[in-house]
Amino acid sequence: MSKRALITGITGQDGSYLAEFLLSMGYQVYGLVRRTSTVRYERIRHIQDQVTLVPGDMSDQTSLTRALQDVKPDEVYNLAAQSFVQTSWSQPVFTGDVTALGVTRMLDAILMVNPAIRFYQASSSEMFGKVQEVPQTEKTPFYPRSPYGVAKVYGHWITVNYRESYNLHASSGILFNHESPRRGLEFVTRKVTYHAAKIKLGLAKELRIGNLDSQRDWGFAGDYVRAMWLMLQQDSPDDFVVATGQTHSVQRLLELAFDVVGLKWQDYTVQDPAFVRPAEVDLLIGNPEKAGRVLGWEPHISFEQLVQMMVEADLAALKNGELT
Ligand code: NDP
Ligand code: GDR
């Protein structure tokens, strides 16, 4: 019989790639979706007839318990979160409720409904924040620099705690930044590729941006969802850093994206304090050695390929009217 997986956050970037991947592995895929006044399922529209959507919200315990009772999943992938770091300063309590306490709610629902369910928690390199070690590994101490990062540290440790307290098969993937043409427009990679494409097509004049010096270990989301699945196929649950092992600055991202459209980024970019954060994470670079050794995971798409893929996708989407 095929396995059943419940994905929270299925309408997000990672949720859509993970749903595609699990379908390709023969899974029955279910996705938790919250009620919104306007339905936005763009990222999963192409597979909507192959997945089953169930109502629920990470802030509502009853809805999570009911979702598990109805779906009877073998695996739960907890990707739902208020995931934008900048917003976590303006909505710190909401971020804590969904991104931190939401994890406890789901773990507790698993405990009540079926402790044999395997659980994946979407942890983040933002937990390293003001980094205590370069590169960062599973053993590097956390020093989060935003309400989002703090919430993710909580989510990570409650996952470890439920594993140790109740023997749950609960794993935490400490994923470094991963991007794609489906990345939200507010994140820096997509903001840059979208604006480079718009400027090239004469649809925009400038790009307003924050800190050019921060450095990130950027990979491709399609590669990273495979690591999530691999973690739940292991005999024992554990924590894994998932990263490329390379880092690049925001300025390098600008150079590459504008190169793709044959323009100079300096001619179109304006630095705007509105996009500078109250506290910055200056440098992230992960060591994926354990994921390689234990899971057999490695990334396939380079940063240069990723930026090119994203700019080309934005150019195409703007030209055919899918984006404005
Ligand atoms: P997105 O922001 O694209 O997606 C977030 C998802 O969470 C959406 O489906 C959203 O639903 C859902 N969601 C938000 N709040 C709730 C709620 N209260 N109840 C139910 N669902 C909710 O994030 P990504 O796909 O990029 O990231 C997936 C996860 O991985 C997140 O937890 C993120 O913090 C984490 N992560 C991401 C990294 C990255 O580089 N992308 C790196 C490390 C960790 P809706 O569509 O309704 O808004
Ligand atoms: P991040 O991603 O905060 O790392 O979190 P984001 O793309 O928002 O920022 C990366 C870096 O770019 C700098 N930056 C800007 N960022 C945005 N969004 N907009 C700008 O105009 C801009 N200018 C400079 C930022 O200051 C930062 O240093 C992402 C999210 O997906 C999290 O959910 C996830 O946990 C982490 O990655 C790993």
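Residues numbered from 1 in each chain as written. Chains lettered and ligands numbered in written order. Predicted model: local features only at pLDDT ≥ 70, side-chain atom pairs only at ≥ 80, totals over all residues. Heavy atoms only, no water.

**Q** Help me get a handle on the pairing of strand E1 (residues 4–8), residues and values and all.
**A** Here E1 lies mainly inside the structure; 5 of its 5 residues are buried. The alternating pattern of E1 places Arg4, Leu6 and Thr8 and Ala5 and Ile7 on opposite faces, both of which are buried. By the bridge criterion, 5 bridges tie E1 to strand E2 (residues 28–33) in an arrangement that is parallel. Counted as the bridge partner of Leu6 is Tyr30 from E2. In this fold, E1 hands off to helix H1 (residues 13–24), which returns the chain to E2; that crossover is right-handed. (Buried < 20%, exposed > 50% of the residue type's maximum accessible area, 1.4 Å probe, protein only. Helix = DSSP H or I, 4+ residues; strand = E, 2+ residues; numbered from the N terminus. Pairing = 2+ DSSP bridges. Right-handed = clockwise from strand over helix to strand, strands pointing away.)

**Q** I'd love a proper account of the packing of helix H6 (residues 188–200) against helix H10 (residues 303–319), names of residues and values included.
**A** Taken N-terminus to C-terminus, the directions of H6 and H10 make an angle of 50 degrees; their axes are 8 Å apart at the nearest point. As summarised for this structure, H6 and H10 are arranged oblique, according to the angle between their axes. The interaxial crossing formed by H6 with H10 has right-handed handedness. Residue-level inspection shows Thr189, Arg190, Thr193, Tyr194, Ala197, Lys198 and Lys200 of H6 in contact with H10, the latter providing Val307, Met310, Val311, Asp314, Leu315 and Leu318. Here the contact of H6 with H10 is composed, by residue class, of 7 nonpolar, 2 polar and 4 charged. (Axes fitted to C-alpha atoms, helices over the stretch in contact; angles between N-to-C directions. Parallel < 35°, antiparallel > 145°, perpendicular 65-115°, else oblique. Left-handed = near helix turned anticlockwise from the far one by under 90°. Contact = heavy atoms within 4.5 Å. Nonpolar A, V, L, I, M, F, W, Y, C, P; charged D, E, K, R; others polar.)

**Q** A description of the pairing of strand E5 (residues 118–124) should follow, citing residues and the corresponding values.
**A** Of all 7 residues making up E5, 6 are buried, and the element is well covered by its neighbours. In this structure, strand E4 (residues 75–78) lies alongside E5, joined through 4 bridges in parallel fashion. Looking across to E5, one finds that Asn78 is bridged to Gln121. When E5 meets strand E6 (residues 170–175), the two strands line up parallel, connected through 6 bridges. Each residue of the ladder has a partner; that of Phe119, found in E6, is Ala170. With helix H5 (residues 147–166) bridging E5 and the parallel E6, this β-α-β connection has right-handed handedness.

**Q** For the site of ligand 2, give the residues involved together with the corresponding values.
**A** Ser83, Ser124, Tyr148, Arg277 and Glu280 are the nearest of the 22 residues found near ligand 2. Between ligand 2 and the protein, one listed contact pairs an oxygen atom with a side-chain N or O atom of Ser124 at 2.6 Å. Measuring from an oxygen atom of ligand 2, one finds a side-chain N or O atom of Arg183 at 2.8 Å. Within the complex, the protein chains bury 96% of what would otherwise be the 700 Å² of accessible surface of ligand 2. Classifying every residue of the shell around ligand 2 gives 8 nonpolar, 7 polar and 7 charged. (Near = heavy atom within 4 Å. Polar contact = N/O pair within 3.5 Å; in protein donor to acceptor, adjacent residues only side chain to side chain. Areas by Shrake-Rupley, 256 points an atom, 1.4 Å probe, with all protein chains shown as cover.)

**Q** Mind laying out the packing of helix H8 (residues 250–260) against H10, listing which residues take part and the relevant values?
**A** How two helices pack is summed up by the angle between their axes together with the distance between the axes. Running from N to C, H8 and H10 cross one another at 50 degrees; their axes reach a closest spacing of 9 Å. Between H8 and H10, the angle is such that the two are oblique. The element H8 and its partner H10 pack so that their crossing is right-handed. Here Arg252, Leu253, Leu256, Ala257 and Val260 of H8 lie close against H10, whose contacting residues are Phe303, Glu304, Val307, Gln308 and Val311. Class assignment for the residues of the contact of H8 with H10 results in 7 nonpolar, 1 polar and 2 charged.

**Q** Got a sec to walk through the domain arrangement of the protein? Specific residues and values, please.
**A** The domain boundaries assigned to the protein delineate domain 1 (4–178 + 218–242) and domain 2 (184–216 + 247–281 + 301–319). Computed from C-alpha coordinates alone, the two centres of domain 1 and domain 2 are separated by 27 Å. Taken together, the contacts link 14 residues of domain 1 with 22 residues of domain 2. Here domain 1 and domain 2 share an interface that buries about 1700 Å² over both sides, 63% of which is from carbon and sulfur atoms. Ranking the residues of domain 1 by area buried against domain 2 places Phe84, Gln86 and Trp218 at the top, with a combined share of 46%. (Domains from an automatic or database assignment. Buried area = accessible area lost by both parts, 1.4 Å probe.)

**Q** Please provide a residue-by-residue account of the packing of aromatic side chains, values included.
**A** The geometry of an aromatic ring pair is captured by the separation of the ring centres together with the interplanar angle, meaning the angle of the planes. Tallied over the entire structure, the rule returns 11 aromatic pairs. An angle of 75 degrees between the planes, with centres 5.2 Å apart, marks the rings of Phe84 and Phe187 as edge-to-face. With Phe84 in the loop between E4 and helix H3 (85–90) and Phe187 in the loop between strand E7 (178–179) and H6, the pair connects residues that are 103 residues apart, well separated along the chain. Each member of the pair Phe84 and Phe187 is classed as buried. Their ring planes at 35 degrees and their centres at 5.9 Å tell us that Phe128 and Phe176 sit as a pair that is tilted. In this pair, Phe128 sits in the loop between E5 and H5 while Phe176 sits in the loop between E6 and E7, placing the two residues 48 residues apart along the sequence. Just as Phe128 is buried, Phe176 falls in that class too. Following the ring pairs from residue to residue traces out a cluster consisting of Phe128, Phe142, Trp157 and Phe176. (Phe/Tyr/Trp six-rings, centres within 6.5 Å; stacked < 30°, edge-to-face > 60°.)

**Q** Describe the nonpolar core, and please don't skip the residues or the numbers.
**A** Formed by 62 residues in total, the largest nonpolar core has its most connected members in Ile7, Leu22, Val29, Tyr77 and Tyr120. For this core, the element with the highest residue contribution is helix H7 (residues 221–232), accounting for 9 residues. Both domain 1 (4–178 + 218–242) and domain 2 (184–216 + 247–281 + 301–319) contribute no fewer than three residues apiece to this core. By size, the runner-up hydrophobic cluster in this structure holds 24 residues, among which are Met58, Leu107, Ile158 and Tyr162. (Core = buried A, V, L, I, M, F, W, Y, C linked by side-chain atoms within 4.5 Å.)

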